[in-house]
Structure formats: C-alpha cells, structure tokens
Amino acid sequence: MAVEELHSIITRCQILEEQDFKEEDFGLFQLAGQRCIDEGHIDELLEIIQNEENKVIIKNMGWNLVGPVVRYLLWNDKEHDKRKYYFLMLDLLVKLCNPKELLLGLLELIEEPSGKQISQIILLLLRPLQTVIQKLRNNKAYSVGLALSTLWSQLSLLPVPYSKEQIQADDYGLCQCCKALIEFTKPFVEDVIDNKESSVENEKLKDEILKFCFRSLKCPLLTAQFLEQSDDTGDDPLRCFASEIIGFLSAIGHPFLKIIFNHGRKKTTWDYLEFEEEEDKQLSDSMASLAYLVFVQGISIDQLPMVLSPSYLLQFNMGHIEVLLQRTEESVFSKGLYLLENGLLRIEDNSLLHQYLEIKSFLTVPQGLVKVMTLCPTETLRKKGLAVLQLYINKLDPQGKYTLFRASHCCGLSCCGAQAPDVQAQWPWLTGPAAPRHVGSSWTGAGTRVPCIGRRTLNHSATRCLLNTSNHSGVEAFIIQNIKNQIDMSLKRTYNKWFTGPQLISLLDLVLFLPEGAETDLLQNSDRIMASLNLLRYLVIKDNENDNQTGLWTELEKIENNFLKPLHTGLNMSKAHYEAEIKNSQEVQKSKDLCSITVGREEIPNMPPEMQLKVLHSALFTFDLIESVLARVEELIEIKTKSTSEENMG
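Residues numbered from 1 in each chain as written. Predicted model: local features only at pLDDT ≥ 70, side-chain atom pairs only at ≥ 80, totals over all residues. Heavy atoms only, no water.

Re the overall build of the protein
- When helices and strands are counted, the protein shows 26 helices and two strands.
- A total of 650 residues make up the protein; the buried ones form 48% of that total.
- Nonlocal contacts in the protein, meaning residues at least 24 apart in sequence, comprise 75% of its contacts between residues at least 6 apart. (Helix = DSSP H or I, 4+ residues; strand = E, 2+ residues; numbered from the N terminus. Buried < 20%, exposed > 50% of the residue type's maximum accessible area, 1.4 Å probe, protein only. Contact = heavy atoms within 4.5 Å.)

Encoded structure:
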C-alpha cells in the first residue's frame, strides 16, 4: 500500500514543473516514503530513487527521506541484512538531493540525540555532511562554519575520558569523533592552502577554521588528559587531535608562535570584528591550553626559536598559567602547575630578576598556588602545588624573594568594591563537615570585599604581606621557613642586604607578631607560631648581640611586647579554657551522654565523649609544645644578653 501511494504521488509530480511543486506534495512524499521504510520496502524505494525520470522529484523532495534512513541505521542491529541497502540509499540521497536542504537536514539530525548516540550519529553523518558542503557553490565558508559549530556543540556535551583505561574504552565515542572530525576538516583546510588569492570568501573560510581550532583547544583539549610520554603517544587519540589542530593553525597562516605571542597585546591579531568579540569572550582558555600543549606536551615545540631566553618564555606563559590556576577543575589547574614547573626548570636558581614581580601575573600566580595547596582535595596535587611554589621561590633573585614574601595581589584599595567568588560554586568540596578548617577570608562568601588589581603592574608601596593574605597557618609557616633559609644563607655564605639589617626587620615585624594579640586562636595558628618561634630561636643562636647582623637585638623589646608576652598570655588563657573543657567532657562521660562539637562551622552531632577528650588533649599537647619552645627561646635570650653584658663589663 505504501509503495502504491508513493508511485501515485510521483506520477502526479512528474508532469509538473519544479517550481509548481506544492507544500502538500512534499508532505505526502515524506509520509509515503517513511511508510515504505517502516514496512521494509527498501528495494522498491531504491528503484524509485535511481529512476532517471524521478531525478527532479528526488532532488527537491528526497532530502525528507534522510531522517528516516538515518534513524533506521541508528536504531537497528548492525548485523541486520538490509543495512547495506540503507547505506546505499543514504549515499544516493546525498548525491542527488538539493545540497542546501540536505545541509540543514543533516545538521538537525546531528543536534537531535543525547548521550552515547551523539557520537554514533556524528560518525555516521560526517562523510555525507562533508560531501554536501563540497557540492555547495556559494557561501561555502558560512556552511563550513555552521557545520563545525554544530559538531563542536554536540561534542562538547560528551564527557572527556580521564584515564588511560577510559581513553582506550572510549565509551562515549569522543576519541573516535575527534579523529573523524580531523578527516572532515582537512579538505577545507586544503582549500584555504590551495587558494593563493586572498579573496573575501577564502578569508572567511580561514576564520571559520580558526574559530573551530580555538573551540577545540578549549573543549575537549583544555580538560583532556594525555598519556605519559613514555607510553606510545601515537596511540593517544587526544594527543593526535591536538597535534592536528595545531597543524591546522599553521596551515591556514596562524602558527602557534604568532597566536600566543600576540594574544593580549593591544594590536589585534584578527581581521574581523566578529572574531575580535569572540577573542574577548573565549580565547583565554584556548590560549592557555595551546601553551600547555606546546611547552609541556612538546607538540610542535621544534618550531620554537632557540634564541628565546627562559625568563622571556616564563614571562610569556605566566598569563596562561594564571588562567589555568583560576579554574577549579583538577584536570585544568593541574596543567597550570605543570606549565609553570616547565618554565621554572629552564631557569637557574636565584636568577629571575625582581623586576618581573612588577607584572601582575608574577604575584597572582603564587596566590593561585596557595589555593591549590590549601583547597584542592587531591593530596598529590596539593604536594605538587607546594613543590612548584618552592621552585618559584628558588628561582627569584634575593630582592625578588623579599618582595614576594612581603607583597601580594592587592592594590591597597580596601574599598575597591570587587566581590569575592562564591565558595560553594567555585570549590564545592569546601562545604560540609569535611571542609578544611583554614579558609581565607577572601573565600568566605559572595558579599566579602576583596582587594582589586590593575591590568598589568602593581604599586608596591601599597601592597600587603603575603604572610597575611594566605590565611592558612601551614602556608605561613612555609613562608617563614623560607625566610629563615634566606637568612641562613646570608649569614653563612654571601652577604645579602635583603635578609639582614633594616630590610629584615620589616619582615620580622610581620613574622614575630600575633594578629589578634593574646586573643589569637593559637590552635588554628599553631603552625605559624611554631615556625616563628623556631626562626626567633635560630636568630638568637646565630646572631651575637655585639654583631647584630640581623638587627634582632635592636628590636628585641618590640618583639617581646608584640609577640612573646601576648603569646604567654594567650597560652595561659587557651590552656585554662581547654582544661575546663576536658573537665566538662569527663563529667559527661560519667553520665554516659553524647555531646556535639563544631568543626569548620559545621556541627557534628553525637560525638562520643572519648573522641572529644582525644581532641581536647591533642590541643593541650600543642599548647605544651609551643610553651616549651617559647621557654627555650626566652632562656637563650637571657643567656645571650647576660653573656654580652659580662663581655662589655670585662
């Protein structure tokens, strides 16, 4: 019945001119053709399509059959006997139908599915889509851009495989699609290369390919993980995709050197206003991804001029590192760590000039490292962040180290009005009972005021101390240990004015200080306090009062008033408080009731008294440890001052 209906429609349309076809004819043809497919009359349908007398009808109406054919191929078993006939029909329709209508129809089909069917339909339709676009005579660049944009939008919905096993399994077909997409794009890249004349259409085609490359650099390549270099990198589909994308850039006249070295400069790289707008919105992530691929993965690294100095390459990459570290996905900010490490390893220790710290990113990147060290839930990445920060410190010259320890990302305008990012939105693992205890004030909520920053350079006279902006006792202890190391090198090896005398005193004022005096939370700040006491003990031992190379003895009275005495008072108050809590907990334990305790502003109910006692005794142990080091420091000071007095009297 369906075949007879289709023959009837075709017989009526054969006597009509092309322009006389009515909308009703299109609808009837589509319904009859759909029924033929549903009822399995594939041979009769193929005969109708191949009939030369139906050429005009198929050209105008045949594209309506593409959807049913494609859906059949997607939904039916791959082992089905008649699949080859459906593929033949699809090829015939692509060959005979109006390419404009086919293009829109194919793109609509590509946009329909979700989940694993996205890759299935893309792999099925890429070759027909390529053929259709190549048949178009006008507006080819627009059609290529529309197709690439649609394909990329669908691919961006697929999860990016993370591990080697996931890449090899390729459950959602992303890796297969990336490979097929390269083959789809190659003919259009070749068109750009072959067209030596700089026509408007060719320039538009070049820009469409350029946009696609930048989108691909952002997704999937920004979050993609690559196989280890020791593995067979030729079998890494995502690395091959990245290599091809970078190759496309060079082929169309935009080699990566030109792109990434010009990005961010006032003079635009792009010729069209539309692309300049896209640059402002999209390209920072793409450029950072490109820098990682070149410098860390080594893709096309041989194109890099050997004359470029390591410090220049680091300066050039710092903006990209900043972009990567600002992201909260581990797969992205980890690339910032490796890109920074790659740049620093090229530089000799103590050779990175302090003038580089006048560039915004050289001060904001360490702040990004601190966030990784303190907020990232993965221990290996936290340790990596710590190691890279230490490497960064090691590369700076003495004045640079001094500046970094004292300076932060603030411009000094406390009421600049910039708003802090929302914690839960940016770092979801920070909420709930498992949240880290030491979270900086600039991460406490959307209403918190945070310092602002200029576009490129900072006013150092208005900067705040890195020690006071990390808001994490462990990080502050790490910085203090680095200060101690620099003092030690200055006293033992080469004299360094930045870590002796007046310059050092300004650092000691920041280190040997309790932020809230005797009321400072000693438990929360225990790491910093212990590091400060150890530094003070070192200075007392190494620097004699008569020599006073560090300036310690001149400032001793101020240190006692601002640090040692408030610390004594704070210890007495804290110990008394916790001893009272222990007594209360012991009474609760006798009554066999449960108690609650608050951690990180989250109440954990029904805490057994035995566990609470362990927590409280641990706190007391920390106070005893601080007190013992404090007593030793005061003992050393007394011994040194008494010895100096006796020498002077003698």
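Focus on the pattern of salt bridges
- On inspection of all chains with the given rule, the structure shows 20 salt bridges.
- Here arginine 327 ties to glutamate 329 by a salt bridge, and the two come within 2.6 Å at their closest N and O atoms.
- On the basis of relative accessible area, arginine 327 is assigned to the partly exposed category, the value being 21%. (Salt bridge = Lys/Arg side-chain N within 4 Å of Asp/Glu carboxyl O.)

Some remarks on the packing of helix α1 (residues 2-14) against helix α3 (residues 42-50)
- For the pair α1 and α3, interaxial distance at closest approach is 11 Å and the crossing angle is 10°. Judged by the inter-axis angle, α1 sits roughly parallel to α3. Along its contact with α1, which presents Val3, Leu6, His7 and Ile10, the element α3 presents Glu44, Leu45 and Ile48.
- For the contact of α1 with α3, the per-class residue count stands at five nonpolar, one polar and one charged. (Axes fitted to C-alpha atoms, helices over the stretch in contact; angles between N-to-C directions. Parallel < 35°, antiparallel > 145°, perpendicular 65-115°, else oblique. Nonpolar A, V, L, I, M, F, W, Y, C, P; charged D, E, K, R; others polar.)

Section: empty space enclosed by the protein
- In this structure the tally under the stated criterion is two cavities of 30 Å³ or more.
- As a volume, the largest cavity reaches approximately 60 Å³.
- If you go around the largest cavity, the residues you meet are Phe295, Pro310, Leu313, Leu314, Asn317, Ile321, Leu339, Asn342, Gly343 and Arg346.
- Only α16 (310-326) and α17 (330-345) provide two or more residues apiece to the lining of the largest cavity.
- Broken down by element, the residue count for the lining of the largest cavity peaks at five residues, all from α16.
- Here the residues of the lining of the largest cavity are counted per class, giving six nonpolar, three polar and one charged. (1 Å grid on protein atoms, 1.4 Å probe; cavity = no way out; pocket = protein on both sides within 12 Å on 5 of 7 lines; lining within 4 Å. Points joined across faces, edges and corners; volume = space filled by probe spheres on them.)

A short note on the environment of proline 502
- Structurally, the position occupied by proline 502 is in helix α23 (residues 501-511).
- With a relative accessible area of 73%, proline 502 lands in the exposed category.

Focus: the confidence of the model for the protein
- For the protein, per-residue confidence averages 82 on the pLDDT scale, and residues scoring 70 or more make up 82% of the total.
- Within the model, pLDDT remains below 50 along residues 408-464, and this stretch shows 108 contacts once partners closer than five positions in the same chain are excluded. (pLDDT = per-residue confidence, 0-100.)

Regarding unusual backbone geometry
- Between cysteine 219 and proline 220 the backbone carries a cis peptide bond, its omega angle lying at 15°.
- Inspection of the secondary structure assignment puts proline 220 in the loop between α12 (200-218) and α13 (237-251).
- Here asparagine 139, not a glycine, exhibits a phi torsion of approximately 55°, which is positive.
- Looking at the element boundaries, asparagine 139 is found in the loop between α8 (117-135) and α9 (140-155).
- Phi angles above zero are rare outside glycine, and asparagine 350 is one such case at about 60°.
- Positionally, asparagine 350 belongs in the loop between α17 and α18 (360-375).
- The partly exposed category is assigned to asparagine 350, whose relative accessible area is 42%.

Considering the environment of glutamine 117
- Take glutamine 117: it is sitting in helix α8.
- Separated by 42 residues in the primary sequence, glutamine 117 and tryptophan 75 have C-alpha atoms spaced 9.8 Å apart.

Re the packing of α8 against α9
- Look at α8 against α9: their axes get within 12 Å of each other, and the N-to-C directions meet at 175°. Judged by the inter-axis angle, α8 sits roughly antiparallel to α9. On the side of α8, the interface is formed by Ile118, Ile122, Leu126, Leu129, Ile133 and Gln134, while α9 contributes Lys140, Ser143, Val144, Ala147, Leu151, Gln154 and Leu155.
- Of the residues contributing to the contact of α8 with α9, the split by class is nine nonpolar, three polar and one charged.

Remarks on a negative patch on the surface
- A cluster of like negative charges, contributed by Glu4, Asp43, Glu44 and Glu47, occupies part of the molecular surface.
- No other element matches α3, which puts three residues into the negative patch.
- Here glutamate 47 lies in helix α3.
- Here glutamate 47 falls in the exposed class, since its relative accessible area comes to 59%. (Patch = residues over 30% accessible without salt bridge, like charges linked within 9 Å, V, L, I, M, F, W, Y side chains within 5 Å. Areas by Shrake-Rupley, 256 points an atom, 1.4 Å probe, with all protein chains shown as cover. Lys, Arg positive; Asp, Glu negative; His and termini not counted. Charge placed at Lys NZ, Arg CZ, Asp CG, Glu CD.)

Quick notes on the side chain of asparagine 496
- Looking at the secondary structure, you find asparagine 496 in the loop between α22 (473-492) and α23.
- Judged by relative accessible area, asparagine 496 falls into the buried class, the value being 10%.
- Here tryptophan 498 takes part through its backbone nitrogen, which lies 3.0 Å from a polar atom of the side chain of asparagine 496.
- Ignoring any residue separated from it by four or fewer positions in sequence, one finds asparagine 496 in contact with Pro398 and Ser490. (Polar contact = N/O pair within 3.5 Å; in protein donor to acceptor, adjacent residues only side chain to side chain.)

Concerning the nonpolar core
- Among the nonpolar cores identified, the biggest contains 188 residues, and Leu129, Phe184 and Leu567 are the most heavily contacted of them.
- The leading source of residues in this core is helix α26 (residues 609-649), at eleven residues.
- Not counting the four nearest positions on each side in its chain, leucine 567 is found in contact with Leu514, Leu522, Ile529, Leu533, Ile626 and Leu630. (Core = buried A, V, L, I, M, F, W, Y, C linked by side-chain atoms within 4.5 Å.)

Brief notes about the packing of aromatic side chains
- Scanning the entire structure with this criterion turns up nine aromatic pairs.
- Lying over the aromatic face of tyrosine 172, lysine 116 brings its terminal NZ or CZ to 5.5 Å of the ring centre. (Phe/Tyr/Trp six-rings, centres within 6.5 Å; stacked < 30°, edge-to-face > 60°. Lys NZ or Arg CZ within 6 Å of the ring centre and 35° of its normal.)

Let's talk about helix α6 (residues 83-96)
- Its 14 residues give α6 an end-to-end C-alpha distance of 20 Å, which sits within 8% of 20 Å, the value for a rise of 1.5 Å per residue.
- For α6, the complete set of buried residues consists of Arg83, Tyr86, Met89, Leu90, Leu92, Leu93 and Val94.
- Residues of α6 that are buried sit in contact with α2 (23-38), α3, α4 (55-61), α5 (66-75), α7 (99-111) and α8. (Expected span 1.5 Å × (residues − 1).)

Concerning helix α19 (residues 379-395)
- The first and last C-alpha atoms of α19 sit 25 Å apart over 17 residues, in line with the 24 Å expected at 1.5 Å per residue.
- Of all the positions in α19, only Leu381, Lys384, Gly385, Val388, Leu389, Leu391, Tyr392, Ile393 and Lys395 are classed as buried.
- Buried residues along α19 sit in contact with α16, α17, α18, α20 (398-406) and α22.

Observations regarding the environment of aspartate 527
- Residue placement: aspartate 527 occurs in helix α24 (residues 526-542).
- Along the sequence, aspartate 527 and alanine 477 sit 50 residues apart, while their C-alpha atoms lie 5.7 Å from each other.
- Apart from residues lying up to four places away in sequence, aspartate 527 is in contact with Ser473, Gly474 and Ala477.

Examining the side chain of asparagine 64
- Within the fold, asparagine 64 resides in the loop between α4 and α5.
- When its relative accessible area of 10% is taken as the criterion, asparagine 64 is described as buried.
- In contact with asparagine 64, other than residues within four places in its own chain, are Phe26 and Gln30.

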